[in-house]
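Coordinates in review
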Amino acid sequence: MAPYCEECRWNFLTGTATSYTPIAPANRSAGPPPGFPSAPSTPSAPSAPPAPPAPAAPQDPFGYHDSRPSQVNRPAEPLGAEPTHHQAPPPYAQAQAQAPAPPAPPQPRAAADDDWVLSPPSQAQPPQAPQPGPPRPQQWTAHIGPDRDYFMAMMRRSGPEASGLNLPAYAPPKQLPLQGNQVSIGRRRHSTGESPDIDLAVPPEDPGVSHQHAVLVQQPDGSWAVVDQNSTNGTTVNGGEEPIQPYVPVQLQDGDRVHVGAWTTITVRRG
């Protein structure tokens, strides 16, 4: 019927272990209980107030009370870990905290008609590759010189007045790049000094060429055509027997030959 066990101090009423603290007798002047000899009377010291009972440790029937705690199931701790406490941030962290925040990107604004108007992109567009332009026209060149075959054909068609003409024994080759919209063919006028682009009055002078004999005219595609200017002896193309009509352009191809005067042939070449 005791409230707790005398050995392990287990309290059956509260269900916990209670430490044992002897209770001082209420009256020390009273005699000993029956069956005990009486002690000699001595002056007694004043009794101290009883200390409150300390909480007893829970019952440890397996003897683990005095053992060290196991390290098996404890979480791992970093080496050299220090107690957690408030530390001041490093200087670079303070500088980052004091640095101004980057400006926020522009937000689209709504127009009056509730259509969203987006801001143009801030980054530069990549450079565009240059577009190829129209192809440049190829250069044409006029090769000028006496032509024996043309001279012999002209002598057969001409009358007795051509009997005094003689083919030059030697004439240096001439080349002239065709430039501009037109190139004039003829002989210089000594009275006025007017000179065509292709001047056949230079020795050896061709007496059968008019002062304004013909014109080479550039076409829209870069090619050339020949136009007779109503010359006295006419203009033929590629050894033709009949002269071309005055003021009517005749299209020329690469390598075509234009015959003027008594022996002059002008060969046009592209490139």
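Below, the discussion takes up helix H2 (residues 148-157). Along an α-helix, residues three or four positions apart point the same way, because every turn accommodates 3.6 residues. Residues of H2 that are buried: Tyr150, Phe151, Ala153 and Met154. Across the axial projection of H2, the buried residues extend over an arc of 165 degrees, all falling on one side. Seen from the open side of H2, the exposed residues pointing more than 90 degrees away from its buried face are Arg148, Asp149 and Arg156. At its buried positions, H2 is contacted by strand E9 (236-237), strand E11 (257-260) and strand E12 (264-270).

What follows covers the pairing of E11. Bridge count between E9 and E11: two bridges; the pairing is antiparallel. Residue pairing across strands places Val237 opposite Val258, the latter belonging to E11.

Below, the discussion takes up the pattern of salt bridges. Applying the stated rule across the entire model yields four salt bridges. Arg187 serves as the salt-bridge partner of Glu205, at 2.7 Å between the closest nitrogen and oxygen. Taken together, the residues span a long stretch of sequence, with Glu205 in the loop between strand E6 (198-199) and strand E7 (214-218) and Arg187 in the loop between strand E5 (182-186) and E6 at a distance of 18 residues. Under the relative-accessibility criterion, Glu205 is labelled partly exposed at 35%. Using a relative accessible area of 16% as the deciding quantity, one classes Arg187 as buried. Residue Arg188 pairs with Asp199 through a salt bridge whose shortest N-O separation is 3.2 Å.

Spatial strand order, E6-E5-E7-E8-E10: five strands in an open sheet with mixed pairing. Of all the strands in the sheet, the pair left with one neighbour each is E6 and strand E10 (250-251). Pairing of strand E8 (residues 224-228) with E10, which is carried by two bridges, proceeds in the antiparallel orientation. For Ala225, the partnering residue across the bridge sits in E10 and is Gln251.

The next thing to look at is the pairing of E8. The side chains of a regular strand alternate between both faces of the sheet. With respect to burial, E8 is a largely interior element, five of its five residues being buried. What you see with E8 is no split at all: Trp224, Val226 and Asp228 on one side and Ala225 and Val227 on the other are buried throughout. Inspection of the sheet shows E7 paired to E8 by five bridges, in the antiparallel sense. From the neighbouring strand, Val215 faces E8, where its bridge partner is Val227. The turn joining E7 and E8, which pair antiparallel and follow one another in sequence, is formed by five residues; a positive phi near 95 degrees is taken by Gly222.

Rules behind the numbers
- Residues numbered from 1 in each chain as written.
- Predicted model: local features only at pLDDT ≥ 70, side-chain atom pairs only at ≥ 80, totals over all residues.
- Heavy atoms only, no water.
- Buried < 20%, exposed > 50% of the residue type's maximum accessible area, 1.4 Å probe, protein only.
- Helix = DSSP H or I, 4+ residues; strand = E, 2+ residues; numbered from the N terminus.
- Arc of directions from axis to C-beta.
- Contact = heavy atoms within 4.5 Å.
- Pairing = 2+ DSSP bridges.
- Salt bridge = Lys/Arg side-chain N within 4 Å of Asp/Glu carboxyl O.

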